[in-house]
Amino acid sequence: VLSNTLDLQDLEGITVSNHYSQAVSTFDLGYEFAHEVTITEETFATGAAIVLHPQRNSEFKSHLVMDLNLAAAIALSEDKETKLFSVAVLAHELAHVHDVRMLLNMLPEEFSRKSTSSMEDRLHKISMPVWSEYYACRVTAGIDAESTLSGYIETFLSALDNFPGRIREEIT
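Residues numbered from 1 in each chain as written. Predicted model: local features only at pLDDT ≥ 70, side-chain atom pairs only at ≥ 80, totals over all residues. Heavy atoms only, no water.

**Describing the packing of aromatic side chains**
Moving on, step 1. For the structure on display, the rule yields three aromatic pairs.
Moving on, step 2. Consider the rings of Trp131 and Tyr134, whose centres lie 5.7 Å apart with planes at 45°: the pair is tilted. Here Trp131 and its partner Tyr134 are both found in helix α5 (residues 119-140), three residues apart, which amounts to about one turn of the helix.
Moving on, step 3. The class for Trp131 is partly exposed, based on a relative accessible area of 38%.
Moving on, step 4. The exposure class assigned to Tyr134 is partly exposed, which follows from its relative accessible area of 47%.
Moving on, step 5. What links up through ring pairs into an aromatic cluster is the set Trp131, Tyr134 and Tyr135. (Phe/Tyr/Trp six-rings, centres within 6.5 Å; stacked < 30°, edge-to-face > 60°. Helix = DSSP H or I, 4+ residues; strand = E, 2+ residues; numbered from the N terminus. Buried < 20%, exposed > 50% of the residue type's maximum accessible area, 1.4 Å probe, protein only.)

**Side note on the environment of His92**
Moving on, step 1. Looking at the secondary structure, you find His92 in helix α4 (residues 80-106).
Moving on, step 2. Take His92: its relative accessible area is 5%, and that puts it in the buried class.
Moving on, step 3. Spatially, the C-alpha atoms of His92 and Ala136 are 5.2 Å apart, while their sequence positions differ by 44 residues.
Moving on, step 4. A distance of 3.2 Å separates the side chain of His92 from the side chain of His96, its partner in a polar contact. (Polar contact = N/O pair within 3.5 Å; in protein donor to acceptor, adjacent residues only side chain to side chain.)

**Some thoughts on α5**
Moving on, step 1. Under the 1.5 Å per step criterion, the end-to-end length of α5 is 32 Å for 22 residues, consistent within 8% with the ideal 32 Å.
Moving on, step 2. Among all positions in α5, only Asp121, His124, Ser132, Tyr135, Ala136 and Thr140 are buried.
Moving on, step 3. At its buried positions, α5 is contacted by α4. (Expected span 1.5 Å × (residues − 1). Contact = heavy atoms within 4.5 Å.)

**What about the packing of α4 against α5?**
Moving on, step 1. Where α4 meets α5, the closest approach of the two axes is 8 Å, and the angle between their N-to-C directions is 120°. By the angle class used here, α4 and α5 are oblique. Here α4 runs over α5; the crossing is right-handed. Counting all contacts with α4, which are made through Ala91, His92, Ala95, His96, His98, Asp99 and Leu103, the residues of α5 involved are Met128, Trp131, Ser132, Glu133, Tyr135, Ala136, Cys137, Val139 and Thr140.
Moving on, step 2. Taken together, the residues of the contact of α4 with α5 sort by class into nine nonpolar, five polar and two charged. (Axes fitted to C-alpha atoms, helices over the stretch in contact; angles between N-to-C directions. Parallel < 35°, antiparallel > 145°, perpendicular 65-115°, else oblique. Left-handed = near helix turned anticlockwise from the far one by under 90°. Nonpolar A, V, L, I, M, F, W, Y, C, P; charged D, E, K, R; others polar.)

**Notes on the sheet that holds strand β2 (residues 49-52)**
Moving on, step 1. Judged by pairing direction, the sheet is mixed, and its three strands sit side by side in the order β1-β5-β2 without closing on themselves. Edge positions in the open sheet fall to β1 (11-17) and β2, since each of these has one partner strand only. If you compare each strand with its neighbour and ignore which way they point, the axes differ by 15° on average.
Moving on, step 2. Relative to strand β5 (residues 62-67), helix α3 (residues 68-76) is tilted by about 85°, and along the sheet it contacts β1, β2 and β5.
Moving on, step 3. Seen against the sheet, α4 touches β1, β2 and β5 and runs at an angle of roughly 165° to β5. (Pairing = 2+ DSSP bridges.)

Interpretation in functional terms is not warranted from these geometric data alone.
Below is the structure:
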């Protein structure tokens, strides 16, 4: 169903790991990244899946890295709510694959852009992930609207408490 809605042709693969954090931090992107790629580990949320964007033969691709527990819940959970929520998380991550594909088609320079310390680059660094999360949430909202929406709202409200300090750190 998702492949009929989302363009997943740039998805080079899926890695499922019992050592999710390590799988993410040691993944070969094919280029030097400005900082270590890490999973979301905040007071308000802990990640279980992430789409990375490796460069292969001078083209950017997408690669999904997923915690084994999430994959097991998708495949094996007998609890309807757990399975539906887990499938919604997978769909959300696949929406990131689609989003990056569309961005690369419309704004190819976004992925090869060199970072500077300008205000424009700082705002870009903040706004692109916000867009990406909005898009993934918007596209997959109907899959498990009741539980995922309430979960996203709780996460968003908790994250808002942390943003004033983070914004100050970014612009100083």
